[in-house]
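Residue-level structural notes
Residue strings, one per chain:
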Amino acid sequence: MNRFLTIEEKTYEKILHVIGHVFFLFFLFLSIAFYKERMLSFDSAYYCFKILFYDTFNIEYHRYIALFSQWLPLLAKKLGCSLQTFLILYSAAFMLFYYAIYLVITVKFKNIYAGIFMALALCLTIRHTYYYSVAELQATIAASGLIVGWMSRDITKVNFSNLWNTIITLLIIWLISTGHLLFIIPLVFYLVYDLIHENRWKVPANYLALIASVSIFGYKILSIPSGGYEGNKISVLSTLPELLPKFFSLWSFKYLQGYMDKECGLLLVLFVGMMIWMLVEKKFLKVLAVLGAVAGFTMIIVITYHKGESPIMMESYYTIFGIFFAVPFTYEILKSKYSVPVLVVLLALMIVSLERIYSKREFYQERMTYIDKILEENITPESRKVLIDWGKVEHAKIWIPWGAPFESMLQTALREPDNVSTLFMRMKPGKHEDKLPDPKLFLGPHFHVFLFEAKDFPKEYFTL
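About the cut-offs
Residues numbered from 1 in each chain as written. Predicted model: local features only at pLDDT ≥ 70, side-chain atom pairs only at ≥ 80, totals over all residues. Heavy atoms only, no water. Helix = DSSP H or I, 4+ residues; strand = E, 2+ residues; numbered from the N terminus. Rg over C-alpha atoms; globule rule 2.2 N^0.38 Å. Buried < 20%, exposed > 50% of the residue type's maximum accessible area, 1.4 Å probe, protein only. Areas by Shrake-Rupley, 256 points an atom, 1.4 Å probe, with all protein chains shown as cover. Lys, Arg positive; Asp, Glu negative; His and termini not counted. Charge placed at Lys NZ, Arg CZ, Asp CG, Glu CD. Patch = residues over 30% accessible without salt bridge, like charges linked within 9 Å, V, L, I, M, F, W, Y side chains within 5 Å. Salt bridge = Lys/Arg side-chain N within 4 Å of Asp/Glu carboxyl O. Expected span 1.5 Å × (residues − 1). Bend = angle between axes of the 7 residues up to and from the residue. Core = buried A, V, L, I, M, F, W, Y, C linked by side-chain atoms within 4.5 Å. Contact = heavy atoms within 4.5 Å. Axes fitted to C-alpha atoms, helices over the stretch in contact; angles between N-to-C directions. Parallel < 35°, antiparallel > 145°, perpendicular 65-115°, else oblique. Nonpolar A, V, L, I, M, F, W, Y, C, P; charged D, E, K, R; others polar. Phe/Tyr/Trp six-rings, centres within 6.5 Å; stacked < 30°, edge-to-face > 60°. Lys NZ or Arg CZ within 6 Å of the ring centre and 35° of its normal. Pairing = 2+ DSSP bridges. Left-handed = near helix turned anticlockwise from the far one by under 90°.

In this section: the overall build of the protein. Scanning the protein for helices and strands turns up 22 helices and two strands. The globule rule puts the C-alpha radius of gyration for 464 residues at 23 Å, and the 24 Å found for the protein is close to it. Within the protein, buried positions represent 55% of all 464 residues. Just so you have it, the protein exposes about 20,700 Å², and 64% of that area is on carbon and sulfur atoms. For the protein, the distance from the average site of its 44 positive side-chain charges to the average site of its 37 negative ones is 6 Å.

Next up, the structure:
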């Protein structure tokens, strides 16, 4: 029976390769089929508008990893494409970037296991975040597949001189550092786990990646100015001593608990089972590394957002938890148990995750319908600029109000580029009412309401 369930290594790797290709091609298909759901909500709509408005890349908080997803839609825009084509290409560009990384890992590094790690990391705890397409944390997770692929490659198949090994390692770490700086936690976790797994403690050169990661990320984190968006997030961590005694009663912890129970039940069961099995196998240091990373990251997220935050923002950070499962699963099971049961578990994890991602499309479809309804009920012959009080909006259908001007404009521009409507959800009743007659007026994001003027809009896409 055991012989029947065991698969020859080459066959096993071929099956994994097929699974990886199917996974990323399906991700690409979803990104095209649901381009509106991915590009017309929250920050995605804001990024789209700014690229079209300024006719250049939109890089926020020095996260230059966004260049890899913006070059294609920007090029198409400069060639005169339609708004629909721009949005489709922008949505698909993320998946093309991820797929390209997968091909580098599996073809150039000849490391199919790292390719599957990357697929798992991009789906295990991602649900709504798939539709929060411009969140740089997802792109950073994808880029992390490169360091896993490089560090865990078979050096009998892919080997370079010590100099080139060093250069490639540093380049990969630098690329990852151009994404979200919070990724320092899973990156250090992975490098420590790899150090334990390969028993590299006595070889000083093997500490290079770890030292480089801490140095590069540390420098960038210390360079963050206080008072800005990122600086304010970091300053909240100073409340740790005060909040730690009531940690489990904080809103952010309860939200995380509810999310995991609802969305990641199978994953949690398998995670606990895997940790118990690793303890039985006396892999104590590895279990300590995993649980330490999970505990540390959980503490940071819970403390940082203890006052509350939108569901999409909270869930965007939960994507990291997938890495804490995918690393030990890849190293301890996927790479060492060439069997049918392992493939069954792998497929079950992917299918459940993809089904959950697919099902979340309905929220964004209903959200767009709700925005259209508000516009239709409030547009007048005199003005297509709609003001509505946030208190009169169904918050559960919107989540975040500040992006409504860009969401509504892009939605209506897809149907009628010459007759665009905008929606502004104000926090204070009556505010900005007197400014509506101004033909130049465009009420933008809450943090900079008058950043843009209607007269400067690219007329080929918007006429307000």
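The grouping of Lys 10, Lys 14, Lys 108, Lys 110 and Lys 157 at the surface amounts to a positive patch. Along the polypeptide, Lys 14 turns up in helix 2 (residues 9-33).

Here helix 6 (residues 83-108) spans 36 Å end to end across 26 residues, near enough to the 38 Å set by a 1.5 Å rise per residue. At Ala 93, helix 6 shows its largest kink, close to 30°. Trailing helix 6 by a residue or two, Lys 110 shows a phi angle of about 55°, which is positive.

Let us look at helix 4 (residues 42-54). End to end, helix 4 covers 19 Å across 13 residues, agreeing with the expected 18 Å (1.5 Å per residue, within 8%). Counted residue by residue, helix 4 has 12 buried out of 13 residues, so it is predominantly covered. Among the residues making up helix 4, those that are buried are Phe 42, Asp 43, Ser 44, Ala 45, Tyr 46, Tyr 47, Cys 48, Phe 49, Lys 50, Ile 51, Leu 52 and Phe 53. A positive phi of about 60° marks Asp 55, the residue just after helix 4.

This paragraph deals with the nonpolar core. Buried together is how nonpolar side chains tend to be arranged in soluble globular proteins. In this structure, Tyr 98, Met 118, Ile 147 and Phe 462 are the most contacted members of the largest nonpolar core, which totals 152 residues. It is helix 6 that contributes the most residues to this core, 13 residues altogether. In this structure, Tyr 98 is in contact with Phe 24, Met 118, Leu 122, Gln 138, Ala 139 and Ala 142, ignoring residues within four places of it in sequence. Counting residues in each nonpolar core, the second largest holds 12 residues, with Ile 371, Val 386, Ile 388 and Met 425 among its members.

Moving on, we come to the packing of helix 10 (residues 184-198) against helix 16 (residues 284-304). Packing of helix 10 against helix 16 leaves a shortest axis separation of 10 Å and a crossing angle of 175°. By the criterion of interaxial angle, the relationship of helix 10 to helix 16 is roughly antiparallel. When helix 10 is examined against helix 16, the residues Ile 185, Phe 189, Tyr 193, Ile 196 and His 197 are found in contact with a partner set consisting of Leu 285, Lys 286, Ala 289, Val 290, Ala 293, Phe 297 and Ile 300. Residue composition of the contact of helix 10 with helix 16, grouped by class: 10 nonpolar, one polar and one charged.

Okay, unusual backbone geometry next. One non-glycine residue with positive phi stands out, namely His 62, at about 60°. Secondary-structure assignment places His 62 in the loop between helix 4 and helix 5 (67-78). The phi angle at His 432 is positive, at roughly 75°, despite the residue not being glycine. Looking at the element boundaries, His 432 is found in the segment after strand 2 (422-426). The class of His 432 is buried, set by a relative accessible area of 8%.

On to the packing of aromatic side chains, then. Throughout the structure, instances matching the rule amount to 59 aromatic pairs. Their ring planes at 85° and their centres at 5.3 Å tell us that Tyr 130 and Tyr 131 sit as a pair that is edge-to-face. Residue Tyr 131 is classed as buried on the basis of its relative accessible area, which comes to 0%. Taken together through their ring pairs, the aromatic side chains of Phe 23, Phe 24, Phe 27, Phe 42, Tyr 99, Tyr 102, Tyr 130, Tyr 131, Tyr 132, Phe 363, Tyr 364 and Trp 399 make up a single cluster. We note Lys 335 situated over the ring of Tyr 331; from NZ or CZ to the ring centre the distance is 5.0 Å.

Next up on the list: the pairing of strand 2. Side-chain direction in a regular strand flips from residue to residue, so the side chains alternate between the two faces of the sheet. Here strand 2 lies mainly inside the structure; five of its five residues are buried. Two strands pair when backbone bridges link them, and strand 1 (residues 385-389) and strand 2 are joined in this way by five bridges, in the parallel orientation. Paired with Asp 389 across the two strands is Arg 426, which belongs to strand 2.

Moving on: the environment of Phe 23. Inspection of the secondary structure puts Phe 23 in helix 2. For the pair Phe 23 and Pro 445, spaced 422 residues apart in sequence, the C-alpha separation works out to 36 Å. Beyond its immediate stretch of four places on either side in the chain, Phe 23 contacts Ala 119, Cys 123, Met 350 and Leu 354.

It is the contact of helix 15 (residues 265-280) with helix 16, at a shortest axis distance of 8 Å, that shows an interaxial angle of 150°. Crossing angle aside, the handedness with which helix 15 passes helix 16 is left-handed. On helix 16, the residues touching Phe 271, Met 275, Met 278 and Leu 279 of helix 15 are Phe 284, Lys 286, Val 287, Val 290, Leu 291 and Val 294.

In this section: the side chain of Ser 421. With respect to the helices and strands, Ser 421 occurs in the loop between helix 22 (404-415) and strand 2. Residue contacts for Ser 421: discarding those within four places in its chain leaves Leu 375, Ile 379, Arg 384, Ser 408, Met 409 and Thr 412.

Here the structure, examined in full by the defined rule, presents 21 salt bridges. Salt-bridge contacts for Glu 263 lead to Arg 356; the nearest nitrogen and oxygen are separated by 3.3 Å. Separated by 93 residues along the polypeptide, Glu 263 in helix 14 (residues 251-263) and Arg 356 in helix 19 (residues 340-359) bring together distant segments of the chain. We classify Glu 263 as buried; its relative accessible area is 7%. For Arg 356, a relative accessible area of 25% gives the class partly exposed. For Lys 283, the salt bridge is made with Glu 332, and the minimal N-O distance between the two is 2.6 Å.

All quantities given are derived from atomic positions and should not be read as evidence of function.
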